[in-house]
Amino acid sequence: TLKDIAEQVGVSQTTVSRVLNRDPSLSVTEETRKQVIRTAAVMGYKKAIQMQAGEKETLPAESREVRVGIAQMFDMKELQEDMYYMAMKNILDEECFGRQWSTVPLFRDEHQRFVRNNELPLDGLFAIGRFTEEEIANFREYTDNIVFLDSDPDPQKYYSILPNYHLAIRLAMGHFRENGYDQAAYAGSVCTFGHLFYYYQADQMSRNCFDPDLVLDCAMNARGGYEAMTAFLKRRGSAPKALFIASDSIAPGVLMALQEHKIQVPRDISIITFNNTVLSEYSNPPLTSVEVYMKENVRAAAFCMELLWQGDTRGKRVVVPCGLVLRDSVRPETNEHFAGKGETCLCSDCGEKS
């Protein structure tokens, strides 16, 4: 404790505290300062060990407010089109508020650099989404304590929190197969959501049914989904029997294109989305979707930030499981009525018993 250190050195507890917090107004000899740090380090005081080793201080000073920055991949206009990242930001704000951390939003200026609205120091920074090397270097101008949500730029250098994309694809494709679909199309940005596409492609190739023509590479928004599906239907003349959509934000555009071509879900096409936001829950029909546990992702990010403050700076990747929420957008593949004796017909055009 500070009392133990003070008794060993022969100074007051206040002096010890001010030395360890690098109080510039403190007037003590250099020898006394070094003795306080040496003694505290020997006693296992982590902050003193870091100071003695010449490391940059990582723990926020207890005497002031903890401030963490939040940077988003998307700008405000793009966020309005993506419920997932907007919800992630809101949940992160709530988590920080509960921990009594002040959040400081960072925005891109006219030069595409991330800036804040004041010059107060940041104790850490949460980066939501995917960022370039230049943008990450920009973050490090504010702090070295960076935790990435939904991306993994360098697992040897940074903490990152990711949904289990592999599990997400296994759940989605497994549900398709349970309903008779070995082959499924993919709608989403192949680059932006590279993890999802990688596992989708691997799944389809493992069953010898991967078809590049079934990949609707599009922007991660409703407009991108609409344009990609419209072009697909014009090129192919019909919809795929099953479709995995890489983000709920794409789904409204895809559904609009299908409706314009009189294609019904799930009668003509079965759909599963990724994210499970209100866009899938209140769609018509409600869409089966992979649930990303955003609260668990955010709590893991906050825990990792505390590890950084404790001096544990070796990069780590935390992978959070997903779940599948079943709704009305997937039906068993069948050419005629369901043949099961005594079962209700699955054809949407009738309700007869087979």
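Residues numbered from 1 in each chain as written. Predicted model: local features only at pLDDT ≥ 70, side-chain atom pairs only at ≥ 80, totals over all residues. Heavy atoms only, no water.

A. Structural detail: the sheet that holds strand S6 (residues 159-163). Within the open sheet, the seven strands sit side by side as S3-S2-S1-S4-S5-S6-S12. Their pairing is mixed. Across the chains shown, the open sheet's two edge strands, defined by having one partner strand only, are strand S3 (114-115) and strand S12 (316-320). Two strands pair when backbone bridges link them, and strand S5 (residues 146-149) and S6 are joined in this way by three bridges, in the parallel orientation. Bridge pairing in S6 places Val147 opposite Tyr159. (Pairing = 2+ DSSP bridges. Helix = DSSP H or I, 4+ residues; strand = E, 2+ residues; numbered from the N terminus.)

B. Broad picture of helix H13 (residues 294-309). Spanning 16 residues, H13 covers 23 Å between terminal C-alpha atoms, matching the ideal 22 Å at 1.5 Å per step. Of the residues making up H13, those classed as buried are Met294, Asn297, Val298, Ala300, Ala301, Ala302, Cys304, Met305, Leu307, Leu308 and Trp309. (Expected span 1.5 Å × (residues − 1). Buried < 20%, exposed > 50% of the residue type's maximum accessible area, 1.4 Å probe, protein only.)

C. Focus on the packing of helix H1 (residues 2-9) against helix H2 (residues 13-20). H2 packs onto H1 with a crossing angle of 105 degrees between their chain directions and a minimal axis gap of 8 Å. The pairing of H1 with H2 is recorded here as roughly perpendicular in orientation. Listed contacts from H2 to Leu2, Lys3, Ile5 and Ala6 of H1 are Gln13, Val16, Ser17 and Leu20. Classifying every residue of the contact of H1 with H2 by side-chain character gives five nonpolar, two polar and one charged. (Axes fitted to C-alpha atoms, helices over the stretch in contact; angles between N-to-C directions. Parallel < 35°, antiparallel > 145°, perpendicular 65-115°, else oblique. Contact = heavy atoms within 4.5 Å. Nonpolar A, V, L, I, M, F, W, Y, C, P; charged D, E, K, R; others polar.)

D. Geometry of unusual backbone geometry. Cis geometry is found at the peptide bond from Val265 to Pro266, where omega equals 5 degrees. Along the chain, the position of Pro266 falls in the loop between helix H11 (251-260) and strand S10 (270-275). One non-glycine residue, Lys262, lies in the positive phi region at around 60 degrees. Mapped onto the elements, Lys262 comes out in the loop between H11 and S10. The class for Lys262 is exposed, based on a relative accessible area of 68%. You will see that Asn276, though not glycine, has its phi angle at about 55 degrees, which is positive. By the secondary structure assignment, Asn276 is in the loop between S10 and helix H12 (278-281). For Asn276, a relative accessible area of 14% gives the class buried.

E. Geometry of the sheet that holds strand S13 (residues 322-325). Spatial ordering of the open sheet is given by S8-S7-S9-S10-S11-S13, a layout of six strands whose pairing is mixed. This sheet does not close on itself; its edge strands, each paired only once, are strand S8 (215-217) and S13. Between one strand axis and the next, the sheet turns through 15 degrees on average, direction left out of account. Across four bridges, the pairing between strand S9 (residues 242-245) and S10 is parallel. Following the sheet pairing, Ile245 is matched in S10 by Thr273. Here helix H8 (residues 165-178) sits on the sheet and contacts S9, S10, strand S11 (288-292) and S13; the angle it forms with S10, its principal contact strand, is near 165 degrees.

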